[in-house]
Amino acid sequence: MGFLTDTAKRLLPRSLLGRSLMIIVTPLVLLQLVSAAIFYESHWDKISLRLARGVAGDIGTVISLLRQFPDAEDRNWIFRLAADHMELTVALQEKAILPNQPAQPRGVTEQAMDDALREQVTQPFVLDTESLDRFYVASIQLPAGVLEVIVPRKRLFSSTVYVFVLWMIGTSMILFGVATIFMRNQVKPIRRLAVAADNFGKGREVVRVKPEGATEVRQATTAFLAMRERIQRQISQRTDMLSGVSHDLRTPLTRMKLQLAMSGDADGISDLRTDVAEMEHMLEGYLAFARGEGTEQPRLANLTDLLAEVAEQARRNGGQIDLHCEGPFTMPLRPNALKRAIANLIDNALRYAEHVWIRAGRRADAIEILIDDDGPGIPADKRDEVFKPFFRLDSSRNPETGGSGLGLAIARDIVRGHGGDIELGEAPTGGLRARVRLPV
Ligand SMILES: Nc1ncnc2c1ncn2[C@@H]1O[C@H](COP(=O)(O)OP(=O)(O)OP(=O)(O)O)[C@@H](O)[C@H]1O
Ligand SMILES: [Mg+2]
């Protein structure tokens, strides 16, 4: 059963156009085949027999006439009569004997002719349906010799059958063509909607879609457009709010910094200064993100060059980086945002490890970027939490390893905005492996 359904699934067309055409055409063809089969089963046999009986009757008439007028002179007018009015060419081989003839393959027409002759002619006869192209030859043993009758094949065929079949095939083809044109127009808006939704999911520019086609497709397109509007509004609202909050917090923070600077070196003041400096750092990070990459428009960019650039920058800051990229990957990207995401990951790696390996390659329908290091890694149960904003494993405020805890959150946000994702795992080199997947 399973095997059958699998085979059927593999054989059936996958596209909507193919399937709908099959739904229209299959019953049509079946109907025509069945009706044609039933019709011809009876019609073909009957017509063949009728036509054959007509010919056999004519031959019987000629034989009767020959028996009634046995004189040699009479044969002439009998033969002429047969030629003029019955389309039969008749000749008598005097004193001849019917030859033995091997059995010949018989179709419906030949069989009908044979049966009809057997009804009409009592003498032994042989029917040759093969030797001549457009004629049958019936040889009948008469007392005077062998009577040869040449019957044109067209007397035994009805061409209406072929005309009918041609019409049937012709109209089917026309219907198939018309159905294809109509269905293609129906499928087009669905395909367009799929492309638009796919692009939107990957954070790319959405080509213009407008509601068109059948009601359901229109509905889906309208719903998609409304959803896109809502999501875009939400994103911009979030970015606006974050940048607003960060911006507004800067003023009181600056005031606090001034006051701390004037407070001299009392107990606890230096701790407070570190805190304030950290808060300032966080706000700067947020603001930079909200102002810049959050609103960047996607454009066609070369991922290989982008990775090389980020790696070069990190090397300049003293990192040991191996970069291996499998090929030039050109795709729609927000280059500055993506650079920041990758840089965040490399920053992290360099903060905890000595050596970083970056590899990029194509996997099925995505580009995969692996960033491995030889540091301590992150325990498996913490790999989800580190993506949360402000979450840091090292909770000491050590400025050596200290960051704001936003790096991974921002990186994931950017990569998800491209329709991909970041996963953390264990690198074969012992440290952390960050796997960035970008759909092409
Ligand atoms: N390659 C790594 N190896 C070990 N631990 C890591 C690695 N990358 C991240 N972590 C851990 O995950 C935490 C969160 O990282 P994240 O990049 O979000 O923040 P951060 O690096 O502390 O600060 P920021 O990147 O904002 O300066 C880090 O504090 C660190 O404890
Ligand atoms: Mg970081």
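You'll find the structure just up there.
From a predicted model like this one, the values you see are computed outputs, not experimental measurements.

With that out of the way, let us pick up the pattern of salt bridges. On inspection of all chains with the given rule, the structure shows 21 salt bridges. Across the pair Arg359 and Asp372 runs a salt bridge, and its minimum N-O distance is 3.3 Å. Here Arg359 is found in strand S8 (residues 355–363), whereas its partner Asp372 is found in strand S9 (residues 366–373), with 13 residues between them in sequence. The residue Arg383 makes a salt bridge to Glu426 at a minimum N-O spacing of 3.6 Å. Of this pair, Arg383 sits in the loop between S9 and helix H10 (407–417) while Glu426 sits in strand S10 (residues 421–426), placing them 43 residues apart in sequence. Judged by relative accessible area, which is 17%, Arg383 ranks as buried.

Here we come to the site of ligand 1. Near ligand 1, the surroundings consist of 19 residues, among which Asn348, Asp373, Ser404, Gly405 and Leu408 are the closest. Separating an oxygen atom of ligand 1 from a side-chain N or O atom of Tyr352 is a distance of 3.4 Å. One nitrogen or oxygen atom from the main chain of Gly405 is found 2.9 Å from an oxygen atom belonging to ligand 1. Look at ligand 1: alone it shows 600 Å² of surface, and the protein chains cover 94% of it. Sort the elements by how many residues they give to the shell around ligand 1 and helix H9 (residues 335–352) lands first, with 4 residues. Residue classes in the shell around ligand 1 are distributed as 9 nonpolar, 6 polar and 4 charged.

The next point concerns the environment of Gln111. Tracing the backbone through its elements, the reader meets Gln111 in helix H4 (residues 108–120). Residue classification places Gln111 among the partly exposed residues on the basis of a relative accessible area of 34%. Separated by 66 residues in the primary sequence, Gln111 and Asp45 place their C-alpha atoms 9.8 Å from one another.

Attention shifts here to the sheet that holds strand S4 (residues 145–152). Spatially, the 4 strands line up as an open sheet ordered S1-S4-S3-S2, and their pairing is antiparallel. The open sheet has two edge strands with one neighbour each: strand S1 (89–94) and strand S2 (125–128). Within this sheet the neighbouring strands show an average axis-to-axis angle of 15°, counted without direction. Relative to S4, strand S3 (residues 135–142) runs antiparallel, the two sharing 8 bridges. If you follow Tyr136 over to S4, its bridge partner there is Val151. Along the sheet, helix H3 (residues 72–86) makes contact with S1 and S4, crossing S1 at roughly 145°. Its contacts with the sheet put H4 on S2 and S3, and the angle it makes with S2 is roughly 160°.

This part is about the side chain of Asp128. By the secondary structure assignment, Asp128 is in strand S2. Residue class for Asp128 comes out buried when judged on its relative accessible area of 14%. Of note is the side chain of Asp128, whose polar atom sits 2.3 Å from the side chain of Ser131.

Where the residue is not glycine, phi is negative for most of them; where a peptide bond is considered, it is trans in most cases. Despite not being glycine, Glu87 has its phi angle at roughly 60°, a positive value. Mapped onto the elements, Glu87 comes out in the loop between H3 and S1. Taking relative accessible area as the criterion, Glu87 reaches 41% and is therefore assigned partly exposed. Of note, the phi angle at Lys95 is positive, near 65°, even though the residue is not glycine. Mapped onto the elements, Lys95 comes out in the loop between S1 and H4.

What follows concerns the packing of helix H2 (residues 16–68) against helix H5 (residues 160–201). Following both chains from N to C, one finds H2 and H5 inclined at 165°, their axes separated by 9 Å at the closest point. Taken as axis vectors, H2 and H5 run roughly antiparallel relative to one another. The way H2 lies across H5 gives a crossing that is right-handed. Its residues assigned to classes, the contact of H2 with H5 comprises 20 nonpolar, 5 polar and 1 charged.

Looking now at the environment of Ile410. Positionally, Ile410 belongs in helix H10. Judged by relative accessible area, which is 6%, Ile410 ranks as buried. The sequence separation of Ile410 and Ala360 amounts to 50 residues, and the corresponding C-alpha distance is 21 Å. Not counting residues within four places of it along the chain, the set of residues in contact with Ile410 comprises Phe289, Arg340 and Asn344.

How each quantity is defined
- Residues numbered from 1 in each chain as written.
- Chains lettered and ligands numbered in written order.
- Predicted model: local features only at pLDDT ≥ 70, side-chain atom pairs only at ≥ 80, totals over all residues.
- Heavy atoms only, no water.
- Salt bridge = Lys/Arg side-chain N within 4 Å of Asp/Glu carboxyl O.
- Helix = DSSP H or I, 4+ residues; strand = E, 2+ residues; numbered from the N terminus.
- Buried < 20%, exposed > 50% of the residue type's maximum accessible area, 1.4 Å probe, protein only.
- Near = heavy atom within 4 Å.
- Polar contact = N/O pair within 3.5 Å; in protein donor to acceptor, adjacent residues only side chain to side chain.
- Areas by Shrake-Rupley, 256 points an atom, 1.4 Å probe, with all protein chains shown as cover.
- Nonpolar A, V, L, I, M, F, W, Y, C, P; charged D, E, K, R; others polar.
- Pairing = 2+ DSSP bridges.
- Axes fitted to C-alpha atoms, helices over the stretch in contact; angles between N-to-C directions.
- Contact = heavy atoms within 4.5 Å.
- Parallel < 35°, antiparallel > 145°, perpendicular 65-115°, else oblique.
- Left-handed = near helix turned anticlockwise from the far one by under 90°.

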